[in-house]
Amino acid sequence: MLHNRSNDKRIHELEELLEVSERKADILTNLLKEASAEYDQTLKKIKISEENFRAVFENAPEAIYIVETNTRKFLECNPFMSTWLGYTRNELLSMRVEQILESGDGESIQKNIEKTISDGHIHIQARRFKKKDGAIVEAEVTGTLLNYQGKQCSAALVRDITQRKKIEELGRYKELFENVSDLVFINDAQGKLLEVNDVACKFLGYTRKQLLKMSLKDLTAAGHLSQLAKMKNKRISEGETIQFELNLQTRNGLTNPFEFQGRLIIHKKEAAFLSVARNISFRKGLQKTLIRTERFSAVGEMANGVAHNFNNLLQMIMAGAEVARAKLLSGKIRDCEEAIKIIVNASQRGTDVVKRIKDFIHAGKTGIGAGTVFDLNALVTESVELTRPLWKHPSIPRKYRLKVKKGDNCFVKGISSEIYEVLVNLIKNGLEAMHQGGTLTISTYTLNEAVHLVISDTGCGIPEEHVQRIFEPFFTTKGSQSSGLGLSSCYGIVKKFQGDIHVKNLSGQGAEFSVIFPIAKPEEVKMENKKILQTNIPIRFLMIDDEINILRSMEMYFEDSEIDITTVSSAKKGIRSVRENNFDVILCDFGMNDMNGLEVGREIQKFYMENQLKKIPFLLYTGLDKQLDTGKLEESGIDRVINKPTSCEDILNIIREIVSGQRN
């Protein structure tokens with residue numbers, strides 16, 4: 001009985017436990033149902049969120065990529081990234097981030113990642129990305145850290161700012177365009193102006209509207225149109241900057257030299273040419289002054305050489321005159337004639353020296369067309385003589401040795417006084433390079449239809465970094481002692497006469513300058529003037545000069561010729577003589593005490609006009625080295641100018657030539 005009670009109690013307890021378990025099972029079931037519902041709802045939200053993220057990622061109008069921080073290898077990128085850079089998604093996922101950056105940016109990317117890891121901040125960096133086709137684009141990168149696929153990664157949003165940069169540059173360019181102090185032009189391939197700045201308008205004297213109807217040709221001075229045409233025909237590569245000079249003319253007719261710096265640009269989606277023009281009037285004036293100073297400096301250095309030459313010539317003249325008188329008194333006429341030849345030769349050499357120095361100082365800018373054919377060897381000889389004080393100083397005997405080697409047929413065409421300047425400068429430079437003395441060698445020869453002049457020294461040579469700049473204006477290694485214009489002046493002169501000049505260091509020591517000129521054609525070689533044969537018809541010749549010795553010499557020379565000479569020693573006597581006598585030709589000195597030659601010419605011309613007489617040739621005889629004004633000469637009735645000194649024989653031939661032309 002007791003046993004049964006115990007079993008019943010146990011059963012009852014089990015039933016209670018079962019009931020509790022069932023209630024808990026119901027609760028758990030309900031909880032699972034709720035959890036399942038929440039899970040389903042969460043999965044649904046996650047799916048929606050992922051779809052939203054993917055939609056943003058896939059359709060973002062900017063590049064997005066994810067890279068692993070350690071390897072910097074791409075783990076993900078959006079379609080815009082592929083389209084933007086020109087790679088496929090698979091290609092990008094096989095690459096590292098530095099492969100799409102311009103060289104050098106890869107290292108800064110790593111530093112930026114490390115900085116982001118250390119401080120946890122988002123950083124914005126400017127980067128230059130390289131497309132598959134090699135094009136470079138400007139971009140702004142915003143990056144942050146995240147965990148992706150169980151890895152520490154960096155996600156980046158990349159914004160293309162190329163267009164913005166262009167706009168910024170355009171703004172800066174516009175500001176520069178308007179505020180630069182130089183003239184700025186934009187023109188098309190035909191030279192038509194597309195844009196100008198305010199400075200150009202103000203300087204040239206036109207409104208902007210007027211200039212935009214013009215071309216560069218309309219602004220270029222007539223003498224520089226060929227230079228403009230040359231630049232127009234030149235092919236200019238993109239990115240290449242070219243430099244040239246043009247003379248521009250303002251609206252009121254003033255002409256100024258400008259240095260142009262130009263390059264190709266894109267203007268309003270079309271190819272155009274942008275040029276900045278700087279007024280170089282002051283620089284040109286300064287260069288002229290310095291070149292003139294350089295020339296006078298060279299003349300100063302030759303002064304001793306000139307004095308030496310003239311002393312020698314005067315000694316020859318004095319000695320010749322004394323010999324002639326002595327031989328004449330002793331009746332030795334043949335020996336007397338030889339002495340006179342020495343006097344004439346020395347006088348002619350003195351004339352040539354004076355002319356050369358005058359031409360050297362007043363060398364003009366005329367080109368090869370104004371030149372004459374001459375023997376370069378003769379110029380070398382004269383240059384050596386006149387620079388003698390530079391290389392043969394008495395206080396330093398034999399410091400320099402000079403070797404001269406001359407070839408045959410070394411005739412060139414040019415202005416000898418200017419080429420003489422080249423010779424003097426090269427000799428001077430060679431001597432200055434030999435601080436401890438040495439040998440200067442000058443040689444001439446012909447090769448391949450060209451005349452070569454080579455001047456070499458055994459000095460210190462030229463540093464290689466200076467060889468390319470040696471002919472630049474103002475370039476010098478001598479400090480304030482030199483203007484730096486000597487060799488640049490040589491370069492300009494040689495080029496003007498269609499020549500070339502080169503310099504090189506010699507293998508041992510020293511430097512060598514080579515000047516090459518086109519050889520003068522045989523028919524260009526100046527032949528001696530043929531003498532005009534004496535005629536039997538007397539020529540009535542009036543000479544007006546206040547120098548008695550000149551008049552007496554002329555009388556003595558012409559007395560055995562067909563020239564019937566009348567001499568007067570003043571301008572007033574000359575005018576009176578013309579009114580009282582008939583002459584075939586008149587030679588009048590320019591500078592006299594009572595009147596000058598121009599005034600005499602005007603008075604005589606007036607006399608012929610008033611009396612309706614045919615004007616006879618009037619020649620002006622002058623020792624001045626300045627160029628007389630052509631207009632004043634014509635106004636004064638001057639038919640020809642004869643420079644002193646001119647030999648009596650040459651004057652005789654001139655008179656015969658003029659009268660022969662009048663009578664024919």
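Everything quoted here is computed from the prediction, not taken from an experiment.

Visitor: Provide a residue-level description of the confidence of the model for the protein, including the pertinent values.
Guide: Mean pLDDT over the protein works out to 77, with 72% of the residues at or above the 70 mark. Low pLDDT, under 50, characterises residues 364–369; the predicted model gives this stretch 13 contacts beyond four residues in sequence or across chains. Here residues 524–530 is modelled with pLDDT under 50, and outside its nearest four sequence neighbours on either side it reaches five contacts, counting other chains as well.

Visitor: I'd like a rundown of the sheet that holds strand β8 (residues 242–249), residues and numbers included.
Guide: Backbone-to-backbone hydrogen bonds join strands into a sheet, with any given pair of strands oriented parallel or antiparallel. Within the open sheet, the five strands sit side by side as β7-β6-β10-β9-β8. Their pairing is antiparallel. Each edge of the open sheet is held by one strand with a lone partner, namely β7 (193–196) and β8. For this sheet, the mean angle separating the axes of adjacent strands, direction not counted, is 30 degrees. Here strand β9 (residues 255–267) runs beside strand β10 (residues 270–279); their pairing, made up of ten bridges, is antiparallel. Paired with His267 across the two strands is Glu270, which belongs to β10.

Visitor: Describe in detail the pattern of salt bridges, supporting the description with residues and values.
Guide: What the rule picks out here adds up to 19 salt bridges. Residue Arg278 is joined to Asp182 by a salt bridge in which the shortest nitrogen-to-oxygen separation is 2.7 Å. Taken together, the positions of Arg278 in strand β10 and Asp182 in the loop between α5 (162–179) and β6 (183–187) put the pair 96 residues apart, joining distant regions of the chain. When the shortest N-O distance is used, the salt bridge between Lys644 and Asp589 registers 2.9 Å. Here Lys644 is found in the loop between β22 (640–643) and α21 (648–663), whereas its partner Asp589 is found in strand β20 (residues 585–589), with 55 residues between them in sequence. Among the residues examined, Lys644 registers a relative accessible area of 23% and is labelled partly exposed.

Visitor: Tell me about the sheet that holds strand β17 (residues 511–518), and please be specific about residues and values.
Guide: Read from one edge of the open sheet, five strands run β12-β14-β15-β17-β16, paired in mixed fashion. The sheet is open, and its two edges are formed by β12 (400–405) and β16 (500–505), each paired on a single side. With strand direction ignored, the average angle separating the axes of adjacent strands in the sheet is 15 degrees. In terms of strand pairing, β16 meets β17 through six bridges, oriented antiparallel. Following the sheet pairing, Lys504 is matched in β17 by Glu512.

Visitor: Lay out the environment of Thr439 in plain terms, naming residues and giving numbers.
Guide: Tracing the backbone shows Thr439 in strand β14 (residues 438–447). Residue classification places Thr439 among the buried residues on the basis of a relative accessible area of 11%. Put simply, Thr439 and Lys403 are 36 residues apart on the chain and 7.3 Å apart in space, counted from C-alpha to C-alpha. What Thr439 contacts, discounting residues up to four positions off in sequence, is Arg401, Lys403, Met434, Ser456, Asp457 and Thr458.

Visitor: Any chance you could break down the packing of aromatic side chains for me, citing the residues and the numbers?
Guide: Here the distance between the centres and the angle between the planes together describe a pair of aromatic rings. According to the stated counting rule, one finds eight aromatic pairs in the structure shown. Residues Tyr65 and Phe74 carry aromatic rings whose centres are separated by 5.2 Å and whose planes lie at 80 degrees to one another, so their mutual orientation is edge-to-face. Taken as a pair, Tyr65 and Phe74 share a single burial class, namely buried. Connected via pairs of aromatic rings, a cluster forms that spans Phe185, Phe244 and Phe260.

Visitor: Can you explain a negative patch on the surface? Please cite residues and give values.
Guide: Together, Asp594, Glu599, Glu603 and Glu610 make up a negatively charged patch on the protein surface. Within the element layout of this structure, Glu599 appears in helix α19 (residues 597–610).

Visitor: Go over the nonpolar core with me, naming the residues and quoting the values.
Guide: Among the nonpolar cores identified, the biggest contains 38 residues, and Leu376, Leu453 and Ile455 are the most heavily contacted of them. Going through the elements one at a time, α12 (376–386), α14 (416–433), β14, β15 (450–456), α16 (486–496), β16 and β17 are the ones with two or more residues in this core. Beyond its immediate stretch of four places on either side in the chain, Ile455 contacts Leu423, Leu426, Ile427, Leu440, Thr441, Ile442, Ala511, Glu512 and Phe513. Formed by 23 residues, the second largest nonpolar core is a distinct cluster that contains Leu542, Val568, Ala571 and Val578.

Visitor: Lay out empty space enclosed by the protein in plain terms, naming residues and giving numbers.
Guide: Rolling a probe over the atoms, with the probe sized like a water molecule, indicates the empty space that remains. Going through the model one piece at a time under the given rule, you end up with two cavities of 30 Å³ or more. In this structure, the second largest cavity occupies an estimated 40 Å³ of space. Every residue along the wall of the second largest cavity is listed here: Ile586, Gly601, Ile604, Gln605, Tyr608, Lys615, Ile616, Phe618, Ser636 and Gly637. Here the lining of the second largest cavity gets four residues from one element, more than from any other, and that element is α19. Among the residues forming the lining of the second largest cavity, the class breakdown is five nonpolar, four polar and one charged.

Visitor: Would you mind going over unusual backbone geometry in detail, with residue names and values included?
Guide: Excluding glycine, most residues fall at negative phi; most peptide bonds, likewise, are trans. That bond from Lys644 to Pro645 is cis: its omega, -10 degrees, falls within 30 degrees of zero. Within the secondary structure, Pro645 sits in the loop between β22 and α21. You will see that Gln498, though not glycine, has its phi angle at about 60 degrees, which is positive. Mapped onto the secondary structure, Gln498 falls in the loop between α16 and β16. One non-glycine residue, Gln612, adopts positive backbone phi at about 55 degrees. Locating Gln612 in the fold gives a position in the loop between α19 and β21 (618–622). For Gln612, a relative accessible area of 74% puts it in the exposed group.

Visitor: Tell me about the packing of α12 against α14, and please be specific about residues and values.
Guide: For the pair α12 and α14, the least separation of the axes is 10 Å and the interaxial angle reads 50 degrees. Of the possible angle classes, the one that applies to α12 and α14 is oblique. Read as a crossing pair, α12 and α14 show a hand that is right-handed. Taken together, the residues of α14 that come into contact with α12 (itself represented by Leu376, Leu379, Val380, Glu382, Ser383 and Leu386) are Ser416, Ile419, Tyr420, Leu423 and Ile427. Here the contact of α12 with α14 is composed, by residue class, of eight nonpolar, two polar and one charged.

Visitor: Explain the side chain of Thr622 to me, and be specific about the residues and the numbers.
Guide: Along the chain, Thr622 turns up in strand β21. What makes Thr622 buried here is its relative accessible area of 3%. Excluding residues that lie within four positions of it along the chain, Thr622 makes contacts with Phe590, Val641, Ile642, Asn643 and Lys644.

Conventions adopted
- Residues numbered from 1 in each chain as written.
- Predicted model: local features only at pLDDT ≥ 70, side-chain atom pairs only at ≥ 80, totals over all residues.
- Heavy atoms only, no water.
- pLDDT = per-residue confidence, 0-100.
- Contact = heavy atoms within 4.5 Å.
- Pairing = 2+ DSSP bridges.
- Helix = DSSP H or I, 4+ residues; strand = E, 2+ residues; numbered from the N terminus.
- Axes fitted to C-alpha atoms, helices over the stretch in contact; angles between N-to-C directions.
- Salt bridge = Lys/Arg side-chain N within 4 Å of Asp/Glu carboxyl O.
- Buried < 20%, exposed > 50% of the residue type's maximum accessible area, 1.4 Å probe, protein only.
- Phe/Tyr/Trp six-rings, centres within 6.5 Å; stacked < 30°, edge-to-face > 60°.
- Patch = residues over 30% accessible without salt bridge, like charges linked within 9 Å, V, L, I, M, F, W, Y side chains within 5 Å.
- Areas by Shrake-Rupley, 256 points an atom, 1.4 Å probe, with all protein chains shown as cover.
- Lys, Arg positive; Asp, Glu negative; His and termini not counted.
- Charge placed at Lys NZ, Arg CZ, Asp CG, Glu CD.
- Core = buried A, V, L, I, M, F, W, Y, C linked by side-chain atoms within 4.5 Å.
- 1 Å grid on protein atoms, 1.4 Å probe; cavity = no way out; pocket = protein on both sides within 12 Å on 5 of 7 lines; lining within 4 Å.
- Points joined across faces, edges and corners; volume = space filled by probe spheres on them.
- Nonpolar A, V, L, I, M, F, W, Y, C, P; charged D, E, K, R; others polar.
- Parallel < 35°, antiparallel > 145°, perpendicular 65-115°, else oblique.
- Left-handed = near helix turned anticlockwise from the far one by under 90°.

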